[in-house]
Amino acid sequence: MEFEDVAEERRSVRSFEQKEIPEEEIKEIIEIGHMAPSAGNRQARDFVLVSDEELKERLVYNAYGQSFISEAPWVIVVCANQKRSAERYGERGRELYSIQDATAAVENMLLAVVDRSYGAVWIGAFEEKKVAATLEIPEGVRPIALIPIGHPAETPTEPKKMDAEELIHYGSW
Ligand SMILES: Cc1cc2nc3c(=O)[nH]c(=O)nc-3n(C[C@H](O)[C@H](O)[C@H](O)COP(=O)(O)O)c2cc1C
């Protein structure tokens, strides 16, 4: 697909068919995520790949009952490795760069998902400490997004968005 079509067609998909996706394809999607830039090339991001049904149910519970999470064959839990970035950049690495390294990867992956005609959604509403405990994520690493990926069982319409012109400040605010 043309890049602009991919960006335009990306929608948050919250309903998935009961159909598998090969692990290899999910790994390719993660590799595309990992092509994203990172502060000082610290690559302060890690990915926990979940397909186990029981773990997915626990993620649903940890994410305030967002039940569609467990419909997807795969959930990528994207983590900000605060420790890795803080080693070089201190507080700014811990609180900002690591989050940016991880979220840059999230957007790359969401676009790679669309390019393969799969569906996904960025989930940020979850109890972080519970997700960390569920997945045995170590200290200094913060789960920042859950990305369920599957075959879409819905075609969401585009939500109303502000015109980009309203968000652009020319020269100064
Ligand atoms: C930081 C962040 C957190 C989000 N958290 C959730 C979430 O917990 N559950 C959910 O269903 N969607 C979540 N979304 C998806 C947004 O609701 C969605 O992107 C927005 O409504 C625009 O729709 P679109 O993605 O189809 O353009 C999140 C998106 C972002 C960027």
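Before going into details, it helps to say that this report is about the structure given with it.

### So, the overall build of the protein chain
Next up, step 1: When helices and strands are counted, the protein chain shows six helices and four strands.
Next up, step 2: Walking the protein chain from its N terminus toward its C terminus, one meets helices and strands in the order α-α-β-α-β-α-β-α-β-α.
Next up, step 3: A compact globule built from 173 residues should have a C-alpha radius of gyration of about 16 Å, and the protein chain, at 17 Å, falls within 12% of that.
Next up, step 4: The C-alpha extent of the protein chain, read off along each of the three principal axes, is 45 × 45 × 30 Å.

### Comments concerning the site of the ligand
Next up, step 1: If you check the shell around the ligand, you find 13 residues, and the closest are Ser12, Arg14, Gln66, Trp122 and Lys161.
Next up, step 2: Measuring from an oxygen atom of the ligand, one finds a side-chain N or O atom of arginine 10 at 2.9 Å.
Next up, step 3: A distance of 2.6 Å separates an oxygen atom of the ligand from a polar atom in the side chain of serine 12.
Next up, step 4: Bound to the protein, the ligand loses 62% of the 620 Å² it would expose on its own.

### Focus on the sheet that holds strand S2 (residues 74-81)
Strand pairing in a sheet takes place through backbone hydrogen bonds and is either antiparallel or parallel in direction.
Next up, step 1: Spatially, four strands are ordered S1-S2-S4-S3 in an open sheet, and the strand pairing comes out antiparallel. Either end of the sheet is taken by a strand with one partner, and the two such strands are strand S1 (45-50) and strand S3 (119-120).
Next up, step 2: One ladder, built from two bridges, connects S3 with strand S4 (residues 141-150); its direction is antiparallel. What sits directly across from alanine 120, in S4, is isoleucine 149.

### Quick look at the side chain of serine 98
Next up, step 1: If you trace the backbone, serine 98 turns up in helix H4 (residues 82-115).
Next up, step 2: For serine 98, a relative accessible area of 0% gives the class buried.
Next up, step 3: For serine 98, the contacting residues outside a window of four places in its chain are Ala44, Ala80, Asn81, Gln82, Ser85 and Gly93.

### Comments concerning H4
Next up, step 1: With 34 residues, H4 ought to run about 50 Å at 1.5 Å a step, yet its terminal C-alpha atoms sit only 30 Å apart, falling short of that.
Next up, step 2: The sharpest bend along H4 comes to roughly 155°, located at tyrosine 89.
Next up, step 3: At the exit of H4 stands serine 117, carrying a positive phi of roughly 60°.

Conventions adopted
Residues numbered from 1 in each chain as written. Predicted model: local features only at pLDDT ≥ 70, side-chain atom pairs only at ≥ 80, totals over all residues. Heavy atoms only, no water. Helix = DSSP H or I, 4+ residues; strand = E, 2+ residues; numbered from the N terminus. Rg over C-alpha atoms; globule rule 2.2 N^0.38 Å. Near = heavy atom within 4 Å. Polar contact = N/O pair within 3.5 Å; in protein donor to acceptor, adjacent residues only side chain to side chain. Areas by Shrake-Rupley, 256 points an atom, 1.4 Å probe, with all protein chains shown as cover. Pairing = 2+ DSSP bridges. Buried < 20%, exposed > 50% of the residue type's maximum accessible area, 1.4 Å probe, protein only. Contact = heavy atoms within 4.5 Å. Expected span 1.5 Å × (residues − 1). Bend = angle between axes of the 7 residues up to and from the residue.

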